[in-house]
Amino acid sequence: MKNLILVFVLFIQSFFFAQNLDYPSILKVDTSYAYIQFYSNSTIKKLANHFENVYKDKLVFIHYGGSHIQAEYPTTVARKKFHNKFGSGGRGLIFNYGAANTYSSINYASTYTGKWKFNKSFMGRKAELPLGICGMTVETSDTNANLSFKFKDEIAPNNHRIYLFFENDSISNDVAVLFNNQLIDKKKNDLNYFPYGMSFVWSEAIQQIELKVKSNPKGKRFRFYGMSIENEQNTGIVYHSTGVGAAAHRAMLILEKLPEQAAILKPDVVFLDFGTNDILYTNKIESDLQGQIEKAIRKFREINPEILIVLTSTQDLYYKGKYITAGVDFRDLMDSISRKNDCLFWNWYDLAGGLKTIRTWYDEGYAQKDCIHLTKKGYDIKGEMIYNSFMNSIDLFKKNNSISEYTVTGKNYFKVDSTEIPSIDKSDSTLIEKKPEVINDVPKPKKKTVQVQKTYVVKSGDTLSEIARKFKVSVVKLKSHNGLRSDIIRPGQRLKIP
């Protein structure tokens, strides 16, 4: 994983902005999947109401993910498009990645002085360095240390409300905050401390921010969790983007400070954009993955029962000479969990072309050589599709506000029909472990003594175990009979009954 992160860091350092979002048809981008899928009228209605009321009630997103999100490439595109249409509610979260010894956002440089310790969500839980809303924490005992941020594009003047998250307890050193080299003043800037940090207002443009650690007689350390730049007025969209390279879904379960910090930012929509690090190295779905994701869902709903949660699939992946076919299973699992828990689902896998397309993305300059990360113009497509998918689903609801659900059946890449899947190298023995047979609704018996093969069409909410009980067969036999590699099934899928 260190080598992959190093490749991505070098890519970050050498990148530039592309202007043209056109892409060739050979990428197989399928915009019929450019929707945020939903499974109940109440859920899409809630999302539509947020957009409808955005001019009087701010809409707040938090987009989590791994290395694809840490540098903010796709989320910067999505943020700009949301701001252009609905107005800006503020810049959102920033973090000092320099002090955490990793690459920064494309939108600002983060530097530091002094010696800092750090923890990142993929490194696991550390009692001495608990994690906050950004998935990273940095800490210093050096009273001469500082953290600096310099934005590539100046943040325009506004009545900004700044939230600075740090450990504000009895052994914490204090901090002096400077915006554009001007010291934040208690009276002038309405500076207020709260148990998890401080907040203040700033009305001028923002180009540079500096946090200087100040000695406190009882202080032993200064611990920083992140900062949010918002607008005071309750309008527009705030699109927080916070990723941690190498993080997987389980990382969301160890953000100890998330509840109190999220309560301040008040997110309406949480986008969980993980998956690469869940399946890349094993090419399978681990047995505890669904439980981890559902725990994360419950965690956010404890913070806000009305919160909307978007789950997403990965893009096609290629690692150590083999395609990661578990991307199909992961897509189906996210769809299944979303349906079961009334979440929203974004099928980026099929939208981006599906199985065995990532190497074409690389050949055309839209993916990096590792066939895991994208290039700038590849991420531009993803950011554009995030925005388009939300807008397409909102437009669907506007045309029919009684719609109960909208789903697009995932492509079947494992059918015998060769037109369903790109050509497969014979040497690639792991690409398809077993090809399911073509299923006929009611095959004609050759003789009267031959029993007609039963089939069952999967309905919404069905599970493999429930179907097995219904027909009095074992789950193992049912899976074997249908060439299933996991317990994941989809509505509309036909199962042969042994």
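Residues numbered from 1 in each chain as written. Predicted model: local features only at pLDDT ≥ 70, side-chain atom pairs only at ≥ 80, totals over all residues. Heavy atoms only, no water.

A tally of regular secondary structure across the protein chain gives 13 helices and 23 strands. For the protein chain, with 498 residues in total, the buried portion stands at 56%. Considering only intrachain contacts with a sequence separation of at least 6, the fraction spanning at least 24 residues in the protein chain is 79%. When the accessible surface of the protein chain is totalled, it reaches about 22,100 Å², and 49% of it is carbon and sulfur. (Helix = DSSP H or I, 4+ residues; strand = E, 2+ residues; numbered from the N terminus. Buried < 20%, exposed > 50% of the residue type's maximum accessible area, 1.4 Å probe, protein only. Contact = heavy atoms within 4.5 Å. Areas by Shrake-Rupley, 256 points an atom, 1.4 Å probe, with all protein chains shown as cover.)

The 5 strands are arranged S5-S8-S14-S10-S11 in an open sheet whose pairing can be described as antiparallel. Edge positions in the sheet fall to strand S5 (108-113) and strand S11 (182-183), since each has one partner strand and no second. As paired strands, strand S8 (residues 146-155) and strand S14 (residues 206-214) are joined by 6 bridges and run antiparallel to one another. If you follow Phe-149 over to S14, its bridge partner there is Ile-209. (Pairing = 2+ DSSP bridges.)

If you look at the biggest cluster of nonpolar residues, it comprises 77 residues, and the most contacted ones within it are Tyr-64, Phe-179, Ile-209, Leu-211 and Phe-224. Setting aside chain neighbours within four positions, we find Leu-211 in contact with Ala-145, Asn-146, Leu-147, Phe-149, Leu-164, Val-175, Ala-176, Val-177, Phe-224 and Met-227. Judged by nonpolar contacts, the second largest core, of 50 residues, contains Ile-44, Val-54, Tyr-239 and Val-269. (Core = buried A, V, L, I, M, F, W, Y, C linked by side-chain atoms within 4.5 Å.)

The subject of this paragraph is the pattern of salt bridges. Taken as a whole, this structure holds 21 salt bridges when the rule is applied. For Asp-30, the salt bridge identified is with Lys-411, shortest N-O distance 3.0 Å. In this pair, Asp-30 is assigned in the loop between helix H1 (2-13) and strand S1 (36-37) and Lys-411 in the loop between helix H11 (376-399) and strand S22 (454-457), connecting sequence segments 381 residues apart. Taking the relative accessible area as the measure of exposure, Asp-30 reaches 19% and is therefore buried. Here Lys-411 falls in the partly exposed class, since its relative accessible area comes to 27%. The shortest N-O distance in the salt bridge between Glu-167 and Lys-257 comes to 3.4 Å. Of this pair, Glu-167 sits in the loop between strand S9 (160-166) and strand S10 (174-179) while Lys-257 sits in the loop between strand S16 (237-243) and helix H5 (258-265), and the two are 90 residues apart along the sequence. For Lys-257, a relative accessible area of 19% corresponds to the buried category. (Salt bridge = Lys/Arg side-chain N within 4 Å of Asp/Glu carboxyl O.)

This next bit is on the sheet that holds strand S3 (residues 88-90). Taken together, 7 strands build an open sheet; the order of strands is S1-S21-S18-S17-S2-S16-S3 and the sheet is mixed. Looking at strand neighbours, the two that pair on one side only are S1 and S3, the edges of this open sheet. Note: strand S17 (residues 269-273) against strand S18 (residues 308-312), 4 bridges, orientation parallel. When the bridges of S18 are listed, Leu-272 appears paired with Leu-311. Contacting strand S2 (59-65), S16, S17, S18 and strand S21 (344-346), helix H2 (residues 41-52) crosses the sheet at an angle of about 110° to S18. (Axes fitted to C-alpha atoms, helices over the stretch in contact; angles between N-to-C directions.)

The subject of this paragraph is the packing of aromatic side chains. Applying the stated criterion to the full structure yields 34 aromatic pairs. Taking the centre distance of 6.2 Å and the plane angle of 75° together, the rings of Trp-361 and Tyr-366 count as edge-to-face. For Tyr-366, a relative accessible area of 6% puts it in the buried group. Ring pairing ties together the aromatic residues Phe-51, Phe-61, Phe-82, Phe-86, Tyr-239, Phe-271, Trp-346, Trp-348, Trp-361, Tyr-366, Tyr-387 and Phe-390, which thus form one cluster. Its guanidinium or amino end placed over the ring of Tyr-318, Arg-359 lies 4.5 Å from that ring's centre, counting from NZ or CZ. (Phe/Tyr/Trp six-rings, centres within 6.5 Å; stacked < 30°, edge-to-face > 60°. Lys NZ or Arg CZ within 6 Å of the ring centre and 35° of its normal.)

Our focus in this paragraph is the packing of H2 against H11. Relative to each other, H2 and H11 sit at 110°, their axes nearing to 10 Å. Looking at the two axes, H2 sits roughly perpendicular to H11. Within the contact between the two elements, H2 uses Asn-41, Ile-44, Lys-45, Leu-47, Ala-48 and Phe-51 and H11 uses Phe-390, Met-391, Ser-393, Ile-394 and Phe-397. Residues belonging to the contact of H2 with H11 are distributed by class as follows: 8 nonpolar, 2 polar and 1 charged. (Parallel < 35°, antiparallel > 145°, perpendicular 65-115°, else oblique. Nonpolar A, V, L, I, M, F, W, Y, C, P; charged D, E, K, R; others polar.)

Counting all residues, the mean pLDDT for the protein chain is 89, and 86% of those residues have values of 70 or more. Contacts from residues 5-20, a stretch scored under 50 in pLDDT, to residues over four places away or in other chains number 30 contacts. Per-residue pLDDT stays below 50 along residues 416-451; that stretch engages in 49 contacts with residues further than four places along the chain or on separate chains. (pLDDT = per-residue confidence, 0-100.)

If you check the backbone angles, Glu-72 has positive phi at about 70° while not being a glycine. Mapped onto the elements of the fold, Glu-72 is located in the loop between helix H3 (67-70) and helix H4 (73-86). On the accessibility criterion, Glu-72 (2% relative accessible area) is buried. Of note in this structure, Asn-101 is not a glycine but carries a positive phi near 60°. Relative to the helices and strands, Asn-101 resides in the loop between strand S4 (92-94) and S5.

Bringing the packing of H4 against H11 into the picture now. Between H4 and H11, the shortest axis-to-axis distance is 7 Å and the interhelical angle comes to 40°. By the criterion of interaxial angle, the relationship of H4 to H11 is oblique. For the pair H4 and H11, the crossing hand works out as right-handed. Along its contact with H4, which presents Tyr-73, Pro-74, Val-77, Ala-78, Lys-81, Phe-82, Lys-85 and Phe-86, the element H11 presents Lys-376, Tyr-379, Asp-380, Lys-382, Gly-383, Glu-384, Ile-386, Tyr-387, Phe-390 and Met-391. (Left-handed = near helix turned anticlockwise from the far one by under 90°.)

It is worth spelling out H4 at this point. With 14 residues, H4 should cover 20 Å at 1.5 Å per step; its first-to-last C-alpha distance of 20 Å lies within 8% of that length. The element H4 is largely enclosed, with a buried count of 10 among its 14 residues. Turning to H4, its buried residues number three or more, namely Tyr-73, Pro-74, Thr-75, Thr-76, Val-77, Ala-78, Arg-79, Phe-82, His-83 and Phe-86. Phi for Gly-87, located one or two positions after H4, is positive at around 95°. (Expected span 1.5 Å × (residues − 1).)

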